[in-house]
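# Reading the structure
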Amino acid sequence: MTGKSNGRAGRIGGVILALEGVSLAFGGVKALSDISFDVREHEVRAIIGPNGAGKSSMLNVINGVYHPQHGTIRYLGREYHDMDPHEVAVSGIARTFQGLALFRGMTVLDNIMAGRNLKMRTNILFQALRVGPALREEIEHRAFVEGIIDFLEIQAYRMMPVGRLPYGLQKRVDLARALATEPRILLLDEPMAGMNLEEKQDMCRFILDVNDQFGTTIVLIEHDMSVVMDISDRVVVLDYGKKIGDGTPGEVRVNQAVVDAYLGVSH
Amino acid sequence: MLKKNWPVALLGVALLVGLALPLATGASAPGFYIEVLLGGLMTGVLYSLVAMGFALIFKASGVFNFAQGTMVLFAALAVARMAERMPLWAAILLAMAIMVVLAFLIERIVLRPLVNQEGVALLMATLGVTYFLDGFGQIVWGSDVYEINLGIAKEPVMILQNVFEGGILVNKEDFVAALIATMLVVALAIFFQKTPTGRALRAVADDHQAAQSIGIPLNRIWVIVWSVAGFVALVAGVIWGSKLGVQFSLSQVALKALPVVILGGFTSVTGSIVGGLIIGVGEKMSEVFLGPILVKTFDLAGGGIENWFAYVLALLFLLVRPEGLFGEKLIDRV
């Protein structure tokens, strides 16, 4: 494992996403207070913490679902304010969901093709007639999607309604749909939650493969410490909406505040 | 599977037997039977058209659009009044533009501020839209009865005279209307199933958050959906309007669409098509064949089954299959 980390270390580039002093409150409840951290290009960055630590809120802030009351978010050197989730997606940040948020009524293929929608440029009229540029476009995108399907080894399920697949495979379709948008940053919200050991190992392999082969920067939230320590380059630790640790897995593991949070020392 | 669905199966069998009985018992001549059947199908297609407007919006935004019926009236009024001053085709195009503007305004003024609110709040909002459109439509377009002349002969024609004794009497205008409605239904089905925009619409219908996360703009999708619903309302309005005259009661036609969507399932476009046909045929058949029997047996003044058949059928469906024929079964965690 360490060998792999060292191999990847050379590829990690400059800061691509930086959060500074981000605070988010829902009425009187402070979900996040004064959080700052950065994400470097091509790295696997984990956000961990016990239940209710603010991990999902953090992801939703980056994703544009929540707009923080204080603080700035810089992506590719530019500050962004009050971006809608779809604008964030267009700018190259994709995400997967905790639990399942697939388009249940659609096939695996249609789910992933939907991820290509933002790359499509022909107008509705051409699309409706399926002529000329629209047809060519559909074929190009289909080819791209087939690449992802091969990559995630879900060829056999292409035409299946997504609701009929077992949980582990549905999570893979979720990942495929996010990849279809060709993201620079991929946000993964508890990708391993509810999986059995074998499914977890598969998912870990796919996350590392995505990172290696597409060079996608990965920000993942995880509950399960052991998984995170194995695949991340750097880890942010949150507890009660505050940042209590930041560093390589090795550094975080010996950080007293982190150990306390996880072992449940009284606050 | 069958064990659980036996009430639905029973209802289906009852409907089929009822459908076959007049012919089987020889109560009706084949020619007349087909005439009634065709009449039912043609009305049914028109019900489907209005019901589709409901289903489209409910699917894409989870809003039960109470204003659909008024949109039908509003569009018909717009066409009828503008056609007095310009050719019909221009009036229809202009009315379509008005419906798109309306969709845009509804999204901006009504839906956007209510994002993430309870379904009931949105329902009430569309109720408000209904009253607004009723009043606004009458102020702008007037409140008399207007006509839309599609330039198709209204006289019934006799067809297949050499196949059936007495031939089959068909209203040419009904026939054209059914044809247009069928084409529209097919076109919409293709739009939804085969185009990227249709895929985006289905994606939004299934999961708002996930759709946004892959770059589908919710607001634009809502404008498209309401525009399509406006377009459907326009076609329904023009066809019904040319049949019955454009008047206030037109918005009541939409009331018939309610049992249709209950029957077919709120979330299903296919359901509204099938539901419309079942109710169209069902009410015509029962009016013609069941009505006289009821009148005779119970010594009633008149049958009038056509007026209540749809609602009773919808009620039965609510009892045995609340999600409708093609709707998604809702499983709520308690």
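Residues numbered from 1 in each chain as written. Chains lettered and ligands numbered in written order. Predicted model: local features only at pLDDT ≥ 70, side-chain atom pairs only at ≥ 80, totals over all residues.

## Concerning the overall build of chain A
- A count of helices and strands for chain A gives 11 helices and 10 strands.
- On C-alpha atoms alone, chain A measures out to a radius of gyration of 19 Å, which is about the 18 Å that the 2.2 N^0.38 rule sets for 267 residues.
- In terms of its C-alpha atoms, chain A occupies a principal-axis envelope of roughly 65 × 40 × 35 Å.
- Classification of the 267 residues of chain A by burial places 42% in the buried group.
- Sequence-distant contacts, at least 24 apart, represent 69% of the contacts inside chain A between residues at least 6 apart. (Helix = DSSP H or I, 4+ residues; strand = E, 2+ residues; numbered from the N terminus. Rg over C-alpha atoms; globule rule 2.2 N^0.38 Å. Buried ≥ 20, exposed ≤ 12 C-beta atoms within 10 Å, placed from the backbone. Contact = placed C-beta atoms within 7 Å.)

## Concerning the overall build of chain B
- A tally of helices and strands in chain B yields 12 helices and 2 strands.
- In sequence order, the secondary structure elements of chain B are arranged as α-α-α-α-α-β-β-α-α-α-α-α-α-α.
- Dimensions of chain B, computed from the C-alpha atoms along their principal axes, are close to 60 × 60 × 40 Å.
- Here chain B holds 334 residues, and the buried ones make up 44% of them.

## Description of the sheet that holds strand E10 (residues 242–247) of chain A
Residue and element names in this part refer to chain A.
- Pairing in this open sheet of 6 strands is mixed, and the strands run E6-E7-E8-E3-E9-E10 from one edge to the other. Here the strands that pair on one side only, and so sit at the sheet edges, are strand E6 (93–95) and E10. Neighbour to neighbour, the strand axes of the sheet diverge by 20° on average, direction disregarded.
- The strands touched by helix H2 (residues 55–63) within the sheet are strand E3 (44–48), E6, strand E7 (185–189), strand E8 (217–222) and strand E9 (234–239), with E7 carrying the most contacts at an inclination of about 150°.
- Contacting E3, E7 and E8, helix H8 (residues 197–214) runs over the sheet at an angle of about 160° to E8. (Pairing = 2+ DSSP bridges. Axes fitted to C-alpha atoms, helices over the stretch in contact; angles between N-to-C directions.)

## What about the interface of chain A and chain B?
- Residue-level contacts link 27 residues of chain A with 20 residues of chain B.
- The dominant element in the side of chain A that touches chain B, judged by the number of residues it contributes, is helix H3 (residues 85–90) of chain A, at 4 residues.
- Each residue belonging to the side of chain A that touches chain B can be placed in one class, and the counts come to 15 nonpolar, 7 polar and 5 charged. (Nonpolar A, V, L, I, M, F, W, Y, C, P; charged D, E, K, R; others polar.)

## Observations concerning the packing of helix H6 (residues 172–194) of chain B against helix H9 (residues 218–244) of chain B
Residues and elements named next belong to chain B.
- Running from amino to carboxyl end, H6 crosses H9 at an angle of 175°, the nearest separation of the two axes being 11 Å. In terms of their interaxial angle, H6 and H9 are classed as roughly antiparallel. Two secondary-structure elements touch here, H6 through Glu-173, Ala-177, Ile-180, Ala-181 and Leu-184 and H9 through Val-235, Ile-239, Ser-242 and Lys-243.
- Class assignment of the residues belonging to the contact of H6 with H9 gives a composition of 6 nonpolar, 1 polar and 2 charged. (Parallel < 35°, antiparallel > 145°, perpendicular 65-115°, else oblique.)

## With respect to the packing of helix H2 (residues 30–61) of chain B against helix H10 (residues 250–264) of chain B
All names here are of chain B.
- Two numbers describe how H2 lies on H10: the axes approach to 8 Å, and their chain directions differ by 70°. Classified by the interaxial angle, the pair formed by H2 and H10 is roughly perpendicular. Residues Tyr-47, Ser-48, Val-50, Ala-51, Phe-54 and Ala-55 of H2 form the contact with H10, whose participating residues are Val-253, Ala-254, Lys-256, Ala-257, Val-260, Val-261 and Gly-264.
- In the contact of H2 with H10, the residues fall into 10 nonpolar, 2 polar and 1 charged.

## With respect to helix H1 (residues 6–24) of chain B
- For H1 of chain B, with 19 residues, the first-to-last C-alpha span of 25 Å sits near the 27 Å given by 1.5 Å per residue.
- Directly beyond the C-terminal end of H1 of chain B, a positive phi value near 75° is found at Gly-26 of chain B. (Expected span 1.5 Å × (residues − 1).)

## Focus: the domain arrangement of chain A
All names here are of chain A.
- The domain boundaries assigned to chain A delineate domain 1 (1–92 + 183–267) and domain 2 (107–182).
- Computed over C-alpha atoms, the centres of domain 1 and domain 2 are 27 Å apart.
- Of the residues lining the interface, 12 residues belong to domain 1; the matching set on domain 2 comes to 10 residues.
- The greatest single-element share of the side of domain 1 that touches domain 2, amounting to 5 residues, is contributed by H8.
- Partitioned by chemical class, the residues of the side of domain 1 that touches domain 2 number 9 nonpolar, 1 polar and 2 charged. (Domains from an automatic or database assignment.)

## Structural notes on helix H7 (residues 167–179) of chain A
Residues and elements named next belong to chain A.
- End to end, H7 covers 19 Å across 13 residues, agreeing with the expected 18 Å (1.5 Å per residue, within 8%).
- Counting buried residues along H7, 11 of its 13 residues qualify, which places the element largely inside the surrounding structure.
- Residues Leu-169, Gln-170, Lys-171, Arg-172, Val-173, Asp-174, Leu-175, Ala-176, Arg-177, Ala-178 and Leu-179 constitute the buried set of H7.
- The elements touched by buried residues of H7 are E6, helix H4 (108–114), helix H6 (132–151), E7 and H8.

## As for the nonpolar core
- Formed by 167 residues in total, the largest nonpolar core has its most connected members in Val-72, Ala-75, Ala-76, Val-79 and Val-225 of chain B.
- For this core, the element with the most residues is H9 of chain B, which contributes 17 residues.
- Summarising the domain contributions, this core has at least three residues from each of domain 1 (1–92 + 183–267) and domain 2 (107–182) of chain A.
- If near-sequence neighbours (up to four positions away) are discounted, Val-225 of chain B is found in contact with Leu-56, Ile-57, Ala-60, Ser-61 and Leu-201 of chain B. (Core = buried A, V, L, I, M, F, W, Y, C linked by C-beta atoms within 7 Å.)

## Comments concerning the confidence of the model for chain A
- Here chain A shows a mean pLDDT of 85. Residues at 70 or above account for 91%.
- pLDDT under 50 marks residues 1–5 of chain A. Its contacts with residues more than four places away, or in other chains, come to 2 contacts. (pLDDT = per-residue confidence, 0-100.)

## Comments concerning the sheet that holds strand E1 (residues 15–26) of chain A
Residue and element names in this part refer to chain A.
- On the basis of which strands lie adjacent, the open sheet formed by 4 strands has the order E2-E1-E4-E5 and antiparallel pairing. The two strands at the open ends of the sheet, each matched to only one other strand, are strand E2 (29–40) and strand E5 (78–79).
- Across 8 bridges, the pairing between E1 and E2 is antiparallel. By the bridge assignment, Ala-18 is partnered in E2 with Asp-38.
- Sitting on the sheet, H2 touches E1, E2 and strand E4 (70–75), and the angle it makes with E2 is about 65°.

## Description of unusual backbone geometry
Residue and element names in this part refer to chain A.
- The phi dihedral of His-42 is positive, around 70°, even though this residue is not glycine.
- Mapping His-42 onto the fold places it in the loop between E2 and E3.
- Judged by C-beta crowding, with 22 C-beta atoms within 10 Å, His-42 ranks as buried.
- Phi is positive for Glu-182, which is not a glycine, with a value near 50°.
- For Glu-182, a count of 16 C-beta atoms within 10 Å puts it in the partly exposed group.

## Looking at the environment of Leu-208 of chain A
- Considering the arrangement of structural elements, one finds Leu-208 of chain A in helix H8.
- Between the C-alpha atom of Leu-208 of chain A and that of Gly-14 of chain A, which follows or precedes it by 194 residues, the distance is 19 Å.

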